[in-house]
Structures are given as structure tokens and as C-alpha cells.
Amino acid sequence: FDTISKASFDVCQGQAFDMLFESRRDVSEEEYMSMVSGKTGALTEASTKVGALLGGGDKKQVEALASYGRLIGIAFQIRDDVLGVVGEQEKFGKPIGSDLREGKQTLVVVRALSTVSKGEKKKLLRALGKSNASKRDIEAAIMVLKESGAVDYVAGRARKYVADAKSRLSSLPESKAKEVLLELADFVIEREF
């Protein structure tokens with residue numbers, strides 16, 4: 001019960017921060033990571049932890065699976081941020097650039113805002129949080145995100161989270177379940193939707 005209660009609190013807090021960040025242009029990477037750790041990471045952590053508890057795992061296994069869950073949840077959200085910029089709309093299921101229009105402070109946006117020149121920042125801000133931004137403004141903002149290296153940087157962070165998540169499973173015995181968890185971790189960063 002404590003696991004579900006804590007996860008519910010963390011998810012709500014993470015979602016609240018996500019919504020508050022839409023009105024800010026100075027969100028730090030640390031703030032973003034804290035938000036996404038709650039918003040998405042807490043839910044996947046609770047899922048894997050409850051599975052470990054129901055499966056009769058010992059304390060070390062429960063902790064390993066809980067940590068694995070939080071890390072792949074974070075990687076999942078980071079991958080979602082990348083797909084929102086470079087994904088294919090038909091596969092992704094929502095318009096590319098819609099996070100920009102909504103003013104979402106994705107890790108890609110946070111990184112770009114902290115690294116680009118004033119001119120590039122201006123192009124990005126022409127679309128960020130502007131529901132009436134033109135298609136041209138959205139395309140220009142996406143180009144800034146790509147050319148700034150923010151997309152590659154964020155994709156690299158997602159890969160590191162997945163590698164860390166997979167390493168947490170090293171203490172578990174070899175099994176079909178462990179293989180599935182390793183494959184799931186890879187799917188998180190390879191997915192196109």
C-alpha cells in the first residue's frame with residue numbers, strides 16, 4: 001500500500017510541476033529530471049516494485065527492480081521528448097511540434113534554451129507556448145532543436161538511463177523474465193511511438 005500511495009503522490013507532484021513549467025522559460029535540467037522522475041518514473045517504479053513484492057523477491061531484488069522501473073520510466077519520457085521533435089507523426093500519434101505549441105518544457109527544449117545563441121533562442125521562443133504559431137515558426141523551432149545538438153544530447157541521456165536500468169538487473173538470476181525486462185529496456189529507447 002505504501003508503494004502505491006507514494007507513487008500516486010510522486011506522479012501528481014510531477015504532473016503539477018510539468019504544468020507549472022509551461023509558463024517558465026528558465027527550467028533547469030535538474031528541475032526537469034526531478035519532474036519526470038515523479039511524473040513517469042514513479043509509476044514504472046511502483047509497477048516493477050509491486051511485481052517484485054508479489055513475486056516473493058528478497059530486499060535486494062525488490063530494490064533492484066524498483067530502481068530499474070524508475071530509470072526506464074525516465075528514459076521512456078525522455079524518448080518521448082525526442083519523438084516529439086524527430087518522430088513520424090503517423091507512428092507517434094500526435095502532431096510533431098505539438099509540445100512546442102503547448103509550451104512543454106521537454107528536456108530537448110530545456111537543453112536548447114540553455115545552449116543556443118540569442119538569435120536561435122528567439123526562433124525557438126516564436127513557437128514555444130504559442131498555440132497560434134505558424135507551421136513555418138514550428139519548423140524553424142524544430143530546426144533549432146536539431147541543429148543545436150539538443151536532440152542528440154537528449155537521446156544520449158535516454159541511452160544512459162537505459163544502460164543504468166539494465167545494470168540494476170545484474171543481481172537477478174538468469175530467467176525468461178529477466179530477458180523480457182532487458183528487451184523492454186531496449187524497446188524504450190528504440191520505439192518510434
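Note that the structure is a prediction, hence the values are computed from the model and not measured. (Residues numbered from 1 in each chain as written. Predicted model: local features only at pLDDT ≥ 70, side-chain atom pairs only at ≥ 80, totals over all residues. Heavy atoms only, no water.)

S.K.: An account of helix 8 (residues 135-147) is requested, with residue identities and associated values reported.
M.R.: Here helix 8 spans 18 Å end to end across 13 residues, near enough to the 18 Å set by a 1.5 Å rise per residue. For helix 8, every residue scored as buried is listed here: Ile138, Ala141, Ile142, Val144 and Leu145. Projected down its long axis, helix 8 shows its buried positions confined to an angular sector of 155°, all on one face. Relative to its buried face, helix 8 has exposed residues pointing more than 90 degrees away, namely Lys135, Arg136 and Glu147. (Helix = DSSP H or I, 4+ residues; strand = E, 2+ residues; numbered from the N terminus. Expected span 1.5 Å × (residues − 1). Buried < 20%, exposed > 50% of the residue type's maximum accessible area, 1.4 Å probe, protein only. Arc of directions from axis to C-beta.)

S.K.: Tell me what's going on with the nonpolar core, and back it up with residues and numbers.
M.R.: Nonpolar side chains in soluble globular proteins tend to be buried together. The biggest cluster of nonpolar side chains holds 47 residues, and the ones touching the most others in it are Tyr32, Met33, Ile78, Leu100, Val108, Leu124 and Leu145. Secondary structure elements with two or more residues in this core: helix 2 (29-54), helix 3 (59-86), helix 6 (107-115), helix 8, helix 9 (150-168) and helix 10 (176-190). No other element matches the 10 residues that helix 3 contributes to this core. If we skip the residues at most four places from it in the chain, leucine 145 touches Val85, Leu100, Val108, Val109, Ala112, Leu124, Ala150 and Val151. (Core = buried A, V, L, I, M, F, W, Y, C linked by side-chain atoms within 4.5 Å. Contact = heavy atoms within 4.5 Å.)

S.K.: A description of the layout of surface pockets should follow, citing residues and the corresponding values.
M.R.: Looking at the largest pocket, its volume works out to about 160 Å³. Along its surface, the largest pocket is lined by Gly51, Ala52, Gly55, Gly57, Gln61, Leu65, Leu172, Pro173, Ser175, Ala177, Lys178 and Leu181. The set of elements that each furnish at least two residues to the lining of the largest pocket consists of helix 2, helix 3 and helix 10. Broken down by element, the residue count for the lining of the largest pocket peaks at three residues, all from helix 10. Here the lining of the largest pocket is built from residues that sort into six nonpolar, five polar and one charged. (1 Å grid on protein atoms, 1.4 Å probe; cavity = no way out; pocket = protein on both sides within 12 Å on 5 of 7 lines; lining within 4 Å. Points joined across faces, edges and corners; volume = space filled by probe spheres on them. Nonpolar A, V, L, I, M, F, W, Y, C, P; charged D, E, K, R; others polar.)

S.K.: An account of the environment of tyrosine 161 is requested, with residue identities and associated values reported.
M.R.: By the element assignment, tyrosine 161 lies in helix 9. Separated by 86 residues in the primary sequence, tyrosine 161 and alanine 75 place their C-alpha atoms 5.7 Å from one another. Once residues within four sequence positions are removed from consideration, tyrosine 161 is found in contact with Met33, Leu71, Ile74, Ala75 and Ile78.

S.K.: Tell me about a nonpolar patch on the surface, and name the residues and values.
M.R.: A cluster of nonpolar side chains, Leu184, Phe187 and Phe193, forms an exposed patch at the surface whose accessible area comes to about 280 Å². If you trace the backbone, phenylalanine 187 turns up in helix 10. (Patch = residues over 30% accessible without salt bridge, like charges linked within 9 Å, V, L, I, M, F, W, Y side chains within 5 Å. Areas by Shrake-Rupley, 256 points an atom, 1.4 Å probe, with all protein chains shown as cover. Salt bridge = Lys/Arg side-chain N within 4 Å of Asp/Glu carboxyl O.)

S.K.: Describe in detail the packing of helix 1 (residues 2-21) against helix 2, supporting the description with residues and values.
M.R.: Closest axis-to-axis distance for the helix 1/helix 2 pair is 8 Å, and the angle between their directions is 160°. With respect to helix 2, the element helix 1 is oriented roughly antiparallel. In the packing of helix 1 onto helix 2, the handedness of the crossing is left-handed. Listed contacts from helix 2 to Thr3, Ile4, Ala7, Asp10, Val11, Gly14, Gln15, Phe17, Asp18 and Phe21 of helix 1 are Glu31, Tyr32, Met35, Gly38, Lys39, Ala42, Leu43, Ala46, Lys49, Val50 and Leu53. A per-class count over the contact of helix 1 with helix 2 returns 12 nonpolar, four polar and five charged. (Axes fitted to C-alpha atoms, helices over the stretch in contact; angles between N-to-C directions. Parallel < 35°, antiparallel > 145°, perpendicular 65-115°, else oblique. Left-handed = near helix turned anticlockwise from the far one by under 90°.)

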